[in-house]
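Understanding the architecture of this molecule
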Amino acid sequence: MKNKRIIYKTFSVIMLTGLSLGSVNCTGDYIGDVENIGSFDDVNYFKTEDQCLSATASVYDKMKKYAGGFENMVTFFNAGSDDFYSGGGSSTDGAGIQGFNNYTINPIIMPASYWKDFYQGVANANWVLERMPDAPVSENFKKRIIAEVTVLRSLYYFELVKMFGNVPLILKRISSNDDYWNIPQTPKQEVYNQIENDILAVVNDLPMTVGGAENGRITQGAARAILGKIYLYDKKNTEAAAQFAQVNGTPGQTSQYGYKLVDNYNKLFELSEVSPGKYEYNKFTSESVLEAVYTNAGMSDWSFWGQGKDEGNSICIMTGPRSYNLASGSTAPDIVSGWAFNTLSDNLFNFMQNDPRAEATILNAKKLQSEGKITYSPAYADTGYFLKKYAPFRKGVSDLPGSMELNFRQNYIVIRLADSYLMEAEALGGTGARAQALLDAVRARVGLPSVPVSMQAIKDERRKELAGEGHRWFDLVRWGDAPSALSSKGFVTNKNEVLPIPYSELLNTALKQNQNY
């Protein structure tokens, strides 16, 4: 008998709660998927708005992949770039991230979760899209849910295409009776065409803005930003620029969707005192277009680890220096000891010098230790420079039960306005008055003067503005700059532009491994 475990785990059992989607996304209490054990008959579900919202939350749940768990998107793709090393405790601390760092990545050590998690999101989306048309709810409510889930499915396919190239395009719920082990990969261009058209078909059914309990849900602006980014990667620059223009509005001003660059760059990543002695991360600022939510409300403990159940931001603990301690009376950043992943390269450190964003981006432990302000223990690939944007600040430690390391609640901004500005400037070919204005706005926000717009100026600005946020590797690949920028790390042209499909997904299936793996 052929193995039926492939592509994504089929399911008809979803652990559903009565929570509204708004409360689910604000607290991060996402709905988890469980094994198909036949204990839940979904035929009798989708009968109320609350049930529809709970099912929809299972689709949002897979956005946790960006910053959740050891195998999160940010630390993994930082490690593959020229800006960071894998770091960690040793050269064997996480075979996947270490292999990607030095381009010895192969189908055996490639973490399967990068394939499975997003396909689980697709499966959840297909389930909701199949059932929502017959739900006895208002048409406006129904349209909005269908639009949100359609955009999320397109986002997950976009991530899969960026990582693996040609992937199976599955647009309906798969049952155990389907011949799903014979589903082949779909050419990347067909996937792009599908997800672009899907977003276009539903974007006007989304609200212009959300707030309060609905923060975190897909809006029209977020959908257009996702679509613009997909067009940009698909080399449809005219279409990309048109979508980004609607998102961005007049550079430096408030757009039609309420987006505006925050005045202080540091505010994007720091905690603020919300009441005496209580601190909270700055979430859903005016610059946030699409944000993945993390929480301590699940009180995650180590039994959750590796199961996809932990709900905190794992980048925080992963990127902190090991054995970090403040000297008496020190004014150095007060952070807890971390795991020392994603140490900065000297190349990035030097590139960021004299840039106003360096202070928010880089924790210079080497300098702080030499000044007697801290002590820390150098770990693997130590340079003395650490990523500060997601540092495990002591003020961000959860005050609820659960493992401290797994309950940092800093959100991850998947797309923010400065990113959207620079993508539009790129889509415009790095030339013209509007591209110049977009670049100027990003620089002016941090007090930098105008420089003539060009593709190189945009590339340089993206590297500084978005350092450590998980975008650099994808930028290098789509620009065609990866072979030169990553040659010293072992990057092989016509191979490493995509990842290997995990070996476990190839067994007894129609899937074909990517070239040269």
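Above this text sits the structure in question.
Note that this is a predicted model, so its numbers are computed, not measured. (Residues numbered from 1 in each chain as written. Predicted model: local features only at pLDDT ≥ 70, side-chain atom pairs only at ≥ 80, totals over all residues. Heavy atoms only, no water.)

Section: the overall build of the protein
The line we're drawing: Going along the chain from the N terminus, every DSSP run of H or I of four or more residues is numbered as a helix, and every run of E of two or more is numbered as a strand. Radius of gyration here is computed from C-alpha atoms only, and the compact-globule reference equals 2.2 Å multiplied by the residue count raised to the power 0.38. Relative accessibility under 20% of the residue-type maximum defines a buried residue, over 50% an exposed one, and the middle range a partly exposed one, all with a 1.4 Å probe and only protein chains included. Contact definition: two residues touch when any of their heavy atoms are within 4.5 Å. Working definition of accessibility: Shrake-Rupley area with a 1.4 Å probe, residue cover restricted to the visible protein chains. Just so you know, the count uses Lys and Arg for positive and Asp and Glu for negative, and it drops His and the chain ends. Note on charges: their place is set at NZ of Lys, CZ of Arg, CG of Asp or CD of Glu.
A tally of regular secondary structure across the protein gives 19 helices and eight strands. Here the C-alpha radius of gyration of the protein, 22 Å, is about what a compact globule of 517 residues would show, namely 24 Å. Each principal axis of the C-alpha distribution contributes one length, and for the protein these read about 65 × 55 × 50 Å. In the protein, which comprises 517 residues, the share counted as buried stands at 59%. Counting only contacts in the protein whose residues sit at least 6 apart along the sequence, the fraction spanning at least 24 positions is 71%. Accessible surface, the protein as shown: approximately 19000 Å² in total, 50% of it carbon and sulfur. Here the protein carries 51 positive and 56 negative side-chain charges, and the mean point of each set is 2 Å from the other.

Considerations on the pattern of salt bridges
Using the following cut-off: Basic side-chain nitrogens of Lys or Arg form a salt bridge, by our definition, when they fall within 4 Å of a carboxyl oxygen of Asp or Glu.
In the structure shown here, the tally under the stated rule is 42 salt bridges. One salt bridge connects Asp399 with Lys278, and the closest N-O pair in it is separated by 3.8 Å. Taken together, the residues span a long stretch of sequence, with Asp399 in the loop between strand E7 (385-387) and strand E8 (412-416) and Lys278 in strand E2 (residues 278-281) at a distance of 121 residues. You can call Asp399 exposed: its relative accessible area is 59%. For Lys278, a relative accessible area of 39% corresponds to the partly exposed category. Among the salt bridges present, the one from Arg462 reaches Asp475, with a minimum N-O distance of 2.8 Å. Within this pair, whereas Arg462 is found in helix H16 (residues 455-465), its partner Asp475 is found in helix H17 (residues 472-479), the two being separated by 13 residues in sequence. Put simply, Glu287, Asp355, Arg357, Lys389, Arg416, Arg443, Arg445, Glu461, Glu465 and Glu469 are held in one network by salt bridges that share partners.

A few points about the packing of helix H14 (residues 417-427) against helix H15 (residues 433-445)
Here is the rule: Convention adopted: a line fitted to C-alpha atoms gives each axis, helices being fitted over their contacting stretch, and angles between N-to-C directions are expressed from 0 to 180 degrees. Throughout this description, any angle smaller than 35 degrees is read as roughly parallel, any larger than 145 degrees as roughly antiparallel, any in the 65 to 115 degree range as roughly perpendicular, and the remainder as oblique. Definitions for this section: a left-handed crossing has its near helix turned counterclockwise from the far helix by less than a right angle. A right-handed crossing has that turn clockwise. Only Asp, Glu, Lys and Arg are considered charged, only Ala, Val, Leu, Ile, Met, Phe, Trp, Tyr, Cys and Pro nonpolar, and every remaining residue, Gly among them, polar.
One can describe the packing of H14 onto H15 by two numbers: an axis separation of 8 Å at closest approach and a directional angle of 150 degrees. Taken together, the axes of H14 and H15 are roughly antiparallel relative to one another. In the packing of H14 onto H15, the handedness of the crossing is left-handed. Contacts between H14 and H15 involve Ala418, Tyr421, Leu422, Glu424 and Ala425 from the first element and Arg434, Ala435, Leu438, Leu439, Ala441, Val442 and Arg445 from the second. For the contact of H14 with H15, the per-class residue count stands at nine nonpolar, no polar and three charged.

Topic: the side chain of Glu159
Tracing the chain through its elements places Glu159 in helix H6 (residues 139-164). Exposure remark for Glu159: the relative accessible area of 4% places this residue in the buried category. Once you skip the residues sitting within four places of it in the chain, Glu159 turns out to touch Tyr66, Met73 and Phe118.

Here we look at unusual backbone geometry
Although it is not a glycine, Asn494 sits at a positive phi angle of roughly 65 degrees. By the secondary structure assignment, Asn494 is in the loop between helix H18 (482-485) and helix H19 (503-506). Even without a glycine there, the phi angle at Asn508 is positive, about 55 degrees. Looking at the element boundaries, Asn508 is found in the segment after H19.

Re the pairing of strand E3 (residues 288-292)
Heads up, the rule is: One requirement defines pairing of two strands: DSSP has to find at least two bridges between them.
Extensive coverage of E3 is indicated by the burial of five of its five residues. Where E3 and E8 come together, four bridges link them in antiparallel fashion. When the bridges of E8 are listed, Ala292 appears paired with Tyr412.

Details of H6
Along an α-helix, a turn takes 3.6 residues, which lines up residues three or four apart on a common side. Under the convention used in this document: Here the expected length of a helix is defined as 1.5 Å per residue gap, with one fewer gap than residues.
Along its 26 residues, H6 runs 37 Å from first to last C-alpha, staying within 8% of the 38 Å computed at 1.5 Å per residue. Counting buried positions over the 26 residues of H6 gives 22, a clear majority of the element. Count one or two residues on from H6 and you reach Gly165, which has phi positive near 80 degrees.

Details of the nonpolar core
This is how it is decided: In this text, buried Ala, Val, Leu, Ile, Met, Phe, Trp, Tyr and Cys residues form a nonpolar core when linked through side-chain atoms within 4.5 Å.
Among the nonpolar cores identified, the biggest contains 141 residues, and Tyr157 and Phe164 are the most heavily contacted of them. If sequence neighbours within four positions are ignored, Tyr157 has contacts with Tyr119, Val122, Val167, Pro168, Leu169, Ile170, Leu171, Val191 and Ile195. Listed in part, the eight residues of the second largest apolar core include Leu268, Phe269, Ile413 and Leu448.

Quick look at the side chain of Asn296
Structurally, Asn296 can be placed in the loop between E3 and helix H10 (314-319). Setting aside anything within four residues of it in sequence, one finds Asn296 in contact with Ser398, Asp399, Leu400, Asn407 and Arg409.

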